[in-house]
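# Coordinates in review
Each chain, written out:
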Amino acid sequence: MGALPAAARACVLCAALAAALCAAPALRSAHGVPWGAVALLAAVCAVCERLPRRTLTLPVLLAGAFLLPPAAAGLVAVPGALAGRVEQRPAWVRRLWHAAQLSLATCAASHVFALTAPATAPPAAPGAGFPPVAPADFPSALPPALAAALVLSLVAAALDGAVRVAAERRRPRAAWSGLLLPGPLLPALVHGPIGLLTAALWHSAYGPATALLILLPMSVSSWFLDRCERERAAHQATIRALVQAVDLKDQYTRGHSERVGRASVLIGRELGMAGERLEALRFAGILHDVGKLGVPTRLLRKDGPLTPEERRVIELHPEYGHEMVRGIGFLDEARAAILHHHERLDGSGYPYGLMGPQIPLFARIVAVADAFDAMTSTRSYSRARPVPAALAELHRCAGSQFDPRMVAALSAALDRHGWHSTVTSEATESATPPSGNVPSSRRPVTGAGHPGGEG
């Protein structure tokens, strides 16, 4: 504990002492405590503490709060917390704190339930402190169970905030921000009924084994959610790695990919997209220029106009990008945008000269987002245009180069949310764009900006 501030050491010791005092009545009158139930629930809780997400710990603790006297209920969490997984040091101090925190929270929840639960059935064992939950009591016992679950979450959150104040010297308001209401409401609504159902089945004709069996589907769901979370994290890491590689190679457009992803999402939301489809659209915007990794760096960083041959080489980057992400399953719909975001409605774009509705939806969205950011970003070869001027240019080119519906959606989204573009070049604002790269005010936007025609 020497590495912790004195206030944090005092906080941990006080919590541990308070938990011990709360559990003392159960230890003093051991003959009146259903130790078999305590041991079984503690063993299940210890298993839950070893699961990746620990989502089953709270239902088991609540079942203990509903089935046991408060002093005994506080003991259910202790073995699992003391032997649980700890990722940071000092491990034993964190285990002690976790055990004390859960013990106090469970004891408080048990007191609340004992005071508010309907007393319609005889106690299962001497010294139980309050009547156990019977199947007939289930509907009327639900409000007390929810109250107990809320108290458990609030006490745990309050203790968590207190130790943050002591250990990290945070201000109390910052330490408890997001930990107290409305944070504990969702766990209370979800875990309270599950804990109550476990307790009701425990005292039914089916017995404790059946009561604990309801935790099995929850454990499968927990495992599935953990896998989904890990997969999503892997997706994000893949995207970040690809974007960083592009930014390192093409220093003129650093940050451009993230902003195109953000603008694409604004358009998608205006079109009614949500959920996974909106996330796929964000990926499409972020990765639209990933094919630049296959273009010679000297062409991407060339000062001055490109030769026709050099331009043809750069115009291969959509196909390069399409091939690069071909084997990444979660980018299936984004691939079409990567391949076709330089197509034009009038058929004069590349790489395949598609026209109108032949161009995939994501590609039409990303094309508008790409051109908008190209015009509103300051770089070493061009100055940023004001947002109204960029929108005016997009509207001018709508119907020939851009889908008018996407332009209108971006305009509506910007009216509602605004736009904050950052400087992406190291050049100062006073830098003069190289000759040959300044777009004419009447030139289609695709030819503006970067020597390769990129946004």
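Each chain carries its own residue numbering, running from 1 in the written order of its sequence. Under the rules for a predicted model, residues below a pLDDT of 70 receive no local features and side-chain atom pairs below 80 are neither given nor counted, while totals for whole chains, interfaces and linings still include all residues. Side-chain metrics in this entry use all non-hydrogen atoms of the structure; hydrogen atoms and water are not considered.

### Examining the overall build of the chain
Runs of H or I in DSSP of at least four residues are treated as helices and runs of E of at least two as strands, each being numbered from the N terminus. Broken down by element type, the chain carries 20 helices and zero strands. Note that accessible areas follow from Shrake-Rupley with a 1.4 Å probe, and for residues the cover is restricted to the protein chains shown. Put simply, the chain shows about 20,900 Å² of open surface, and 62% of that area lies on carbon and sulfur atoms.

### Some remarks on the pattern of salt bridges
Just to be clear on terms, a salt bridge is a Lys or Arg side-chain nitrogen sitting within 4 Å of an Asp or Glu carboxyl oxygen. Taken as a whole and judged by the stated rule, the model has ten salt bridges. Salt-bridge contacts for Glu270 lead to Arg416; the nearest nitrogen and oxygen are separated by 2.1 Å. Here Glu270 is found in helix 12 (residues 256–270), whereas its partner Arg416 is found in helix 20 (residues 404–417), with 146 residues between them in sequence. Here Arg364 ties to Asp403 by a salt bridge, and the two come within 2.7 Å at their closest N and O atoms. Here Asp403 lies in the loop between helix 19 (387–397) and helix 20 and Arg364 lies in helix 18 (residues 361–376), a separation of 39 residues in the sequence.

### Topic: the UniProt feature "transmembrane region" (unreviewed entry) in the chain
UniProt positions are given in the numbering used here, feature names are shortened, and annotations may be inferred rather than shown by experiment. With numbering matched to this structure, UniProt assigns "transmembrane region" (unreviewed entry) to residues 32–48, 60–82, 145–167, 179–199 and 205–225. Regarding residues 60–82, the helix share stands at 74% and the strand share at 0%, and the terminal C-alpha atoms are separated by 16 Å. Annotated as residues 145–167, this span is 100% helix and 0% strand, and its ends, taken at the C-alpha atoms, are 33 Å apart.

### Side note on the packing of helix 16 (residues 317–324) against helix 17 (residues 332–340)
Each axis is a line fitted through C-alpha atoms, taken for helices only over the stretch in contact, and angles between the N-to-C directions span 0 to 180 degrees. Their axes nearest at 7 Å, the elements helix 16 and helix 17 cross at an angle of 160 degrees. One element, helix 16, and the other, helix 17, form an angle in the roughly antiparallel class. Where helix 16 crosses over helix 17, the two elements pack in a sense that is right-handed. Seen from helix 16, the contacting residues are Pro318, Glu319, Gly321 and His322; seen from helix 17, they are Arg335, Ile338 and Leu339. Its residues placed into classes, the contact of helix 16 with helix 17 shows three nonpolar, two polar and two charged. These descriptions rest on fixed angle ranges, namely under 35 degrees for roughly parallel, over 145 for roughly antiparallel, 65 to 115 for roughly perpendicular, and the rest for oblique. For any pair of crossing helices, the crossing counts as left-handed if the nearer helix is rotated counterclockwise from the farther one by less than a right angle, and right-handed if it is rotated clockwise. Any two residues whose heavy atoms approach within 4.5 Å at even a single point are treated as in contact. Any residue that is not Ala, Val, Leu, Ile, Met, Phe, Trp, Tyr, Cys, Pro, Asp, Glu, Lys or Arg is counted as polar, Gly included; the first ten are nonpolar and the last four charged.

### Thoughts on the nonpolar core
Nine residue types can take part in a nonpolar core, namely buried Ala, Val, Leu, Ile, Met, Phe, Trp, Tyr and Cys, and a core is a set of them joined through side-chain atoms within 4.5 Å. To sort residues, take the accessible area from a 1.4 Å probe on protein chains only and compare it with the maximum for the residue type: under 20% means buried, over 50% means exposed, and anything in between is partly exposed. Ranked by internal contacts, the top residues of the largest apolar core, which has 44 residues, are Ile267, Val368, Phe372, Leu394, Phe402 and Leu410. Element by element, the count of residues in this core is highest for helix 18, at nine residues. Ranked by size, the runner-up nonpolar core spans 41 residues in total, among them Ala37, Leu75, Ala149 and Leu201.

### Quick word on the packing of helix 3 (residues 57–67) against helix 6 (residues 91–116)
Two packed helices can be described by the angle between their axes and the distance between those axes. Running from N to C, helix 3 and helix 6 point in directions that differ by 45 degrees, and their axes come no closer than 8 Å. Comparing the axis directions of helix 3 and helix 6 gives the class oblique. The way helix 3 lies across helix 6 gives a crossing that is right-handed. Only Leu102, Thr106, Ala109, Ser110 and Phe113 of helix 6 make contact with helix 3, whose side of the interface consists of Thr57, Leu61, Ala65 and Phe66. Of the residues belonging to the contact of helix 3 with helix 6, the class tally is six nonpolar, three polar and no charged.

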